[in-house]
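Examination of the molecular architecture
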Amino acid sequence: MRPVTAVAGVSGLLALALLSGSSIAPAASAPNPPGPPPPAAFRLISYDSCAEALAGLRGAATAAVGPWGFGPGWRRTVDLRRAMLAQGTAVAGLENATGAAPAYSATNNHEPGADEPDLVKTDGRRIVTVAGGVLRVVDPATRRETGRVDLAGADRDRWWPDNDLLLHGDRALVLVRSPVLRVGHLPGRPGDDNGPQLLLVDLAGPPRIVGTYRIEGGLLDARLTGSTARVVVRSEPRLSFPYDERATDAERAATNRAVIAKAGLDAWLPRYEWTADGVRHVGRVGCDQLSRPATSTGIALLTVLTFDLATGRLGDGEPVSIASDAELVYGTSDSLYLAGEASPGPHRWDRPWRPEAGWTEIYQFDIGGPGRPRYVAAGSVPGRPVNQYALSEWQGHLRVATTRETAGGTTSESSVHVLARQGDRLTQKGVVTGLGRGEQIYSVRFLGETGYVVTFRQTDPLYALDLTDPAAPRVTGELKITGWSSYLHPVPGGRLLGVGQEADGRGRALGLQVSLFDVHDPARPARLARYHVPESMSTVEFDPHAFLFESATGLLALPLDSGAIRLLTVGGGSITEVGTVGHGNGQVLRSLLVDGELWTVSEAGLRVTDPATGRRLGWLPLRG
C-alpha cells in the first residue's frame, strides 16, 4: 500500500446536533470521561491494485450488511435533523468590490477566501438566484431582471427548491440536489439517474448553459477558492438485496453477503457524465483514484470533483474518491479539513454501535494551488464537533471543540483541543477540558486568539477561552443565562451576538432569543441586551447563511418561521427593533445589501427595502 500524495478534500452538510444532556456541573479542567483508547494514527493510503480495492470494499460491506441490507442500524444512515442543523457559515460583512461596483454583502461564510454555496449570490453589479427551475439575473441599480435561463424544462413542476450557487466573474455554477433535472441516463444504469447535477451558466451576455455534469450519489457540499470549485459527493454501494419473508434473519444476512461477494468494483465506483460544446462524455472513477484510511475501509465513498470556473467549462471534474465517510468540512483559503467519526474497523450489523464514546478523525489538505487538494496530515480528538464552527485554524494550529459522552449517554463534557502538524500527523499540543459537564456544545466561535463555547442543558454557560498559548489553552470567564445560542457572531467593540432560544428553568424552549454580549474583558463576559420573540425561531439557528449583519450601521436581519424578516439595530448596549419585511405568502429565505438597499429573497420574488425604516422600495415577482 502506498501513502497518498495527492487527494481531494471532502466537505459535508451532516454534523451532529447535540441536543440533550444529563446533570449540570460547573466548568473545570478534568480528565475526559472513560471510553475506548484513541484509535491508531490516521492517514490515507492508496490501493496497490483494483483487486485490493475490491477486496477491501467487499470486506467492509460484508461485515456491515444485515438481514435488511445496510439499514436500519447502519451508522452512516443520513439523519435529516442533523443535516438541517449542520450547515455552518460565517462572517457576512459589507464589502467593496473592484471597479465601479457598489458595496455589497457577501455570503455569510465561515472563513474569508473559502466561499460557500448559497441560494443567492451578488457581486454588486448583479444579483443571481434560482427559483422554480429558472436562473434569473437582476440589476440592483435599475431593479430590473436583465436575463434568465430555464434550467428545469418540462420538469419544472417537480423542481426542488434545494439548489445553491457559486459565482465567479461571469460564470455561475448551479448545484442541483434534486433527482429531477437529468442530462440523460448513465450507461449501464437504466433508471438510476438520481445523482446531483451541476450546471455552468455563462452570464457575460444573455444567460446560457455552457456545461453540465452529473454523477451517481448525493451532493454533500462545495467550496470555491479563487476560481477553483471543489464539489463533494457521497455515494453508497449499488447492490440489490433480495428479500424472502420466510427466511430467518441469519439466512437473509447470508444471502446479502453472497450478493456482495459477487459484486464488482462497478457497484462502488460512481459513474459520471459531462457535456461541453454539445458533446457528451462519460466516465467512471478509476480504482487508481481511490484511497482509504490506513486503519479501515468504509462502505460509502466520498468523491471530490475539481472545476476551474475561469476556463468556462466543467470537464470531467478530476474525480478522486475516498472509502470513508464524513460529517463536516472546515476550510480556509489554503487548507481544507475533513472531519468524521473515527472507525476502528468495519461495523458489524449484529453488534451494538456506541457513538457516545467515539473519536473524530481529522484530515488536513493543502488547497493553496489549483487542481486536486494535496493530503498533508491527519489526527484525532475524542468526542464530536457540533459543526464546522467547532474547527478553526490559527497561526499554524487547529483548534477543535468537541463534546464527549460516555457509553449510554449518562455523562458528558466538552473540551477544546489544540493540534499542531508534525510531519504527516496532527498531534495534540494543548487541551482544556471540563466544559459543561452533563451538557453539550450548541455553538462555538473562534476569533483569533480567543474562543467562545456555549453549552446547554437547562442553562446556557457562555465560556470565554484564552488560546494565546497553544500549549496551555484556558477558560478565562463564564456567564450563565437561561436559554442557549445556536450561532455566535462577532460585533465591533468587543461584543458578540448570540442567536438561539430562550428557555425556562427546565430547559424548555420559549422562543427566539438574540443576546448581545460584552466580551471585551474575557474574565467577565456579560449580557448587555436581549431581544425575545415568544414561540418563534429563526433559520439562522440551523443555517447561518441566513444571517445578515452590517457592522457600519448595526443592521441585523433575521428570517423568522412566520415567513418574514425581522430587522433590528445593534448599537452600544442595545438591540432595537426596526420593523418586519414580508413577502405575502412567500417564505423569506435570504437578505443582502447592495449599495445601501436591502434585498430580500423568497420563492415568490425579490423585495427592495430601505433598511433604516423598513419601507418598501420595489418588488420583482419570480412566479408566473
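Definitions and cut-offs
- Residues numbered from 1 in each chain as written.
- Predicted model: local features only at pLDDT ≥ 70, side-chain atom pairs only at ≥ 80, totals over all residues.
- Heavy atoms only, no water.
- Pairing = 2+ DSSP bridges.
- Helix = DSSP H or I, 4+ residues; strand = E, 2+ residues; numbered from the N terminus.
- Axes fitted to C-alpha atoms, helices over the stretch in contact; angles between N-to-C directions.
- Parallel < 35°, antiparallel > 145°, perpendicular 65-115°, else oblique.
- Contact = heavy atoms within 4.5 Å.
- Nonpolar A, V, L, I, M, F, W, Y, C, P; charged D, E, K, R; others polar.
- Core = buried A, V, L, I, M, F, W, Y, C linked by side-chain atoms within 4.5 Å.
- Buried < 20%, exposed > 50% of the residue type's maximum accessible area, 1.4 Å probe, protein only.
- Expected span 1.5 Å × (residues − 1).
- Arc of directions from axis to C-beta.
- Disulfide = S-S within 2.5 Å.
- Salt bridge = Lys/Arg side-chain N within 4 Å of Asp/Glu carboxyl O.

Ordered by their spatial adjacency, 4 strands build an open sheet running β28-β29-β30-β31, and the pairing between neighbours is antiparallel. Strand pairing shows two members of the sheet lacking a second neighbour, β28 (440–447) and β31 (474–482), which therefore form its edges. Averaged over all adjacent pairs, the angle separating strand axes in this sheet is 15 degrees, with direction ignored. Pairing analysis gives 8 bridges linking strand β30 (residues 459–466) to β31, with the strands arranged antiparallel. Counted as the bridge partner of tyrosine 463 is glutamate 478 from β31.

Right, let's get into the packing of helix α1 (residues 50–64) against helix α3 (residues 249–262). Close contact between α1 and α3 brings their axes to 9 Å; oriented N to C, the two are set at 170 degrees. One finds that α1 runs roughly antiparallel with respect to α3. Mapping the contact onto sequence places Arg58, Ala61 and Thr62 in α1 and Arg257, Ile260, Ala261 and Lys262 in α3. Of the residues belonging to the contact of α1 with α3, the class tally is 3 nonpolar, 1 polar and 3 charged.

This brings us to the nonpolar core. Among the nonpolar cores identified, the biggest contains 26 residues, and Ile362, Leu391, Leu398, Val416 and Val444 are the most heavily contacted of them. Elements that contribute at least two residues to this core include exactly β20 (328–331), β21 (335–341), β23 (374–382), β25 (397–405), β26 (412–422), β27 (425–435), β28 and β30. Residues in contact with valine 444, not counting those within four places in the same chain, are Val386, Tyr389, Ala390, Ala401, Tyr452, Val453 and Leu488. Of all hydrophobic cores here, the second largest spans 22 residues; its members include Leu175, Ala229, Tyr272 and Leu305.

All right, on to α3 then. The end-to-end C-alpha separation of α3 is 20 Å, in line with the 20 Å expected for 14 residues at 1.5 Å each. Of the residues making up α3, those classed as buried are Arg252, Ala253, Asn256 and Ile260. Viewed along the axis of α3, the buried residues span an arc of 100 degrees, placing them on a single side of the element. For α3, exposure combined with an orientation more than 90 degrees from the buried face picks out Ala250 and Lys262. Where the residues of α3 are buried, they touch α1.

On to the state of the cysteines. For the structure on display, the rule yields 1 disulfide. Between the sulfur atoms of cysteine 50 and its disulfide mate cysteine 287 the distance is 1.6 Å. With a gap of 237 residues between them, cysteine 50 in helix α1 and cysteine 287 in the loop between β16 (279–284) and β17 (290–293) connect regions that are remote in the sequence. Its relative accessible area of 9% is what places cysteine 287 among the buried residues.

For the structure on display, the rule yields 25 salt bridges. Put simply, arginine 223 and aspartate 221 hold a salt bridge, and the shortest N to O gap is 2.9 Å. Each of Asp118, Asp543 and Arg590 takes part in a single network of salt bridges with overlapping partners.

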